[in-house]
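Residue-level structural notes
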Amino acid sequence: MASPSPPVDTNDRSLVAQPETIDVDTRDDQDSAFESFLRVGQDSTASITTSILRYRQENGRTYHAYKDGKYVIPNDAAENERLDLQHHLFLLTFNNNLYLSPAGRDGHQLRHVLDVGTGTGLWATDFADEHPDTSVIGVDLSPTQSPFIPPNVSFQIDDLEDNWTFNTKFDFIYSRMMTAAFADWPKFFKQAYDNLNPGGWIELCDICPVTSDDGTTKDTHLSTWVTELLDGTRKIGRPFDGAFEYKKQLEAQGFQNVTQRVFKWPQNTWPKDPKFKELGAWTLENIDSGLEGLSAAVYTRVLGWTKEELDVTLAFVRRDLRDLKIHAYWPIYVVYGQKPEE
């Protein structure tokens, strides 16, 4: 069993919001040791019906079959490896903490926890390991989770845009990287509110469009790619900049003690600070390995591009991803709130 994460220290500068400008590493011989990392894939579960496993095949990738076409990110081995790598990136960002809210640290026992859009299930599995007395449910549209899991975690194939039918209420609901997954976030927040016990917490962690503090992303292929990707997700009613509104929407639903914290993932190893440099190395691998998967469905299904046109564009974007003169970073929003006590 994994050792429990230490309590989050709110005075830890590595965990607080980071509005300050990141210093640029101006050395000519920047250490490239961070550039290569191992990625570990996950096996798929086997006890799912044939129809769910009959994935959509498109542009050489596979996508979920259940509620076909709703979610625009692939579910194949390459994407699952990227998700596992991304899990490590979050742990690095949060100093090995799986979450940042006071859930379970405020005197409320965590009996039941829901992981929204569990993906490969690593977060749910790690959380179950750390909390052996807690029942954890991970929900996703695809059965891409490992069968080797703790006894207190289970996975379900379901669409949480539909009406929730859980037979228990939760003490903690966690959602990570679900931007562009929901068309109606206020409805999601209402269902989460209704399915939380009094005093329970919800926490969301999501990425927002790439930016820079010094204007070096202006007129780049990277910036154009992100703008067009955002336009495509807006056309289908699932914009991937939704995290900007989470705090306001949680408060409108009635959640209390709503807190928003913003972190930065540098796009490559351009920062001077060693922690940011390491985050940048992992972010480069995360975005570069996922570039085609993040783009293909939106560009070809929604924007009408051919796969050949997209491939040419992504070649230029990959060049920008590695350019140390482009001081880009991805804002990571962590927003959490508590359902009032009765």
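What you see is a predicted model; the values in this text were computed from it and never measured. (Residues numbered from 1 in each chain as written. Predicted model: local features only at pLDDT ≥ 70, side-chain atom pairs only at ≥ 80, totals over all residues. Heavy atoms only, no water.)

1. A few points about the environment of Gly119
- Examined against the element boundaries, Gly119 turns out to sit in the loop between β3 (112-116) and α3 (122-130).
- Judged by its relative accessible area of 11%, Gly119 falls in the buried class.
- Placed 26 residues apart in sequence, Gly119 and Gln145 show a C-alpha to C-alpha distance of 6.8 Å. (Helix = DSSP H or I, 4+ residues; strand = E, 2+ residues; numbered from the N terminus. Buried < 20%, exposed > 50% of the residue type's maximum accessible area, 1.4 Å probe, protein only.)

2. Regarding helix α5 (residues 221-235)
- In this model, α5 (15 residues) spans 21 Å end to end at C-alpha, consistent with the 21 Å of a helix rising 1.5 Å per residue.
- For α5, every residue scored as buried is listed here: Leu222, Trp225, Val226, Leu229, Leu230, Gly232 and Thr233. Along the axis of α5, the buried positions cluster into a sector of 160 degrees, meaning they face one direction only. Across from the buried face of α5, at angles greater than 90 degrees, the exposed residues are Thr227 and Lys235.
- Of the residues trailing α5, Gly237 is marked for its positive phi of about 75 degrees. (Expected span 1.5 Å × (residues − 1). Arc of directions from axis to C-beta.)

3. Focus: the environment of Leu284
- Positionally, Leu284 belongs in helix α7 (residues 274-302).
- We classify Leu284 as buried; its relative accessible area is 8%.
- Residues Leu284 and Pro266, 18 residues apart in the sequence, show an inter-C-alpha distance of 8.2 Å.

4. Some points on the confidence of the model for the protein
- Summarising the model, the protein shows a mean pLDDT of 84, and 80% of its residues fall at 70 or more.
- Across residues 1-7, where pLDDT falls below 50, the model places 13 contacts with residues more than four positions away in sequence or in other chains.
- Of the regions scoring below 50 in pLDDT, residues 9-17 engages in 20 contacts with residues more than four places distant in sequence or in other chains. (pLDDT = per-residue confidence, 0-100. Contact = heavy atoms within 4.5 Å.)

5. Considering the pairing of strand β4 (residues 135-140)
- The buried count for β4 comes to five of six residues, which makes it a mostly enclosed element.
- Bridge analysis of β3 against β4 gives five bridges, and the strand direction is parallel. Looking at β4, one finds that Leu114 is bridged to Ile137.
- Since β3 and β4 lie parallel, the crossover through α3 that links them has a hand, and here it is right-handed.
- Direction of pairing for β4 relative to strand β5 (residues 153-157): parallel, over a ladder of five bridges. Pairing of Gly138 across the sheet is with Phe155, part of β5. (Pairing = 2+ DSSP bridges. Right-handed = clockwise from strand over helix to strand, strands pointing away.)

6. Some points on the pattern of salt bridges
- Tallied over the full model, the rule gives 11 salt bridges.
- The shortest N-O distance in the salt bridge between Lys190 and Asp194 comes to 2.8 Å. Of the two residues, Lys190 and Asp194 are both situated in helix α4 (residues 185-194); the distance of four residues between them amounts to about one turn of the helix.
- Look at Asp194 and you get partly exposed, because its relative accessible area is 35%. (Salt bridge = Lys/Arg side-chain N within 4 Å of Asp/Glu carboxyl O.)

7. What to know about the nonpolar core
- Within the largest apolar cluster, 56 residues are counted, with the highest numbers of intra-cluster contacts made by Phe127, Phe172, Trp225 and Trp265.
- With 10 residues, α7 is the largest single contributor of residues to this core.
- Grouped together as the second largest cluster of nonpolar side chains are 28 residues, Met178, Phe182, Ala192 and Cys208 included. (Core = buried A, V, L, I, M, F, W, Y, C linked by side-chain atoms within 4.5 Å.)

8. A word on the packing of α5 against α7
- Two numbers describe how α5 lies on α7: the axes approach to 10 Å, and their chain directions differ by 45 degrees. Looking at the two axes, α5 sits oblique to α7. Note on packing geometry: the crossing formed by α5 with α7 is left-handed. Contact residues: α5 offers Thr224, Trp225, Glu228, Leu229, Gly232, Thr233 and Lys235, while α7 offers Ile287, Leu291, Leu294, Ser295, Val298, Tyr299 and Val302. (Axes fitted to C-alpha atoms, helices over the stretch in contact; angles between N-to-C directions. Parallel < 35°, antiparallel > 145°, perpendicular 65-115°, else oblique. Left-handed = near helix turned anticlockwise from the far one by under 90°.)

9. As for the packing of aromatic side chains
- Evaluation of the coordinates by the stated rule reveals 25 aromatic pairs.
- Plain terms: the ring middles of Trp164 and Phe166 are 5.8 Å apart, the flat faces sit at 85 degrees to each other, and that makes the pair edge-to-face.
- Under the relative-accessibility criterion, Trp164 is labelled buried at 10%.
- A relative accessible area of 18% places Phe166 in the buried class.
- Ring centres of Phe188 and Phe189 lie 5.6 Å apart, and the angle between their planes is 65 degrees; this geometry places the pair in the edge-to-face category. Residues Phe188 and Phe189 agree in their burial class; the two are buried.
- These aromatic residues form a ring-pair network of at least three members: Trp164, Phe166, Phe170, Phe182, Trp185, Phe188, Phe189 and Tyr246.
- The aromatic ring of Tyr99 is capped on one face by Arg105, whose charged end is 4.2 Å from the ring centroid.
- The cationic tip of Lys339 hangs over the ring face of Tyr193; the distance from NZ or CZ to the ring centre is 4.9 Å. (Phe/Tyr/Trp six-rings, centres within 6.5 Å; stacked < 30°, edge-to-face > 60°. Lys NZ or Arg CZ within 6 Å of the ring centre and 35° of its normal.)

10. Side note on the packing of α7 against helix α8 (residues 307-322)
- Contact pair α7 / α8: the axes reach a minimum separation of 10 Å and the direction vectors enclose 155 degrees. Between α7 and α8, the angle falls in the class roughly antiparallel. Along this stretch, α7 crosses α8, giving a crossing that reads as right-handed. Contacts from Leu284, Ile287, Asp288, Leu291, Glu292, Ser295, Ala296, Tyr299 and Thr300 of α7 reach α8 at Lys307, Leu310, Asp311, Leu314, Val317, Arg318, Leu321 and Arg322.
- Class assignment of the residues belonging to the contact of α7 with α8 gives a composition of nine nonpolar, two polar and six charged. (Nonpolar A, V, L, I, M, F, W, Y, C, P; charged D, E, K, R; others polar.)

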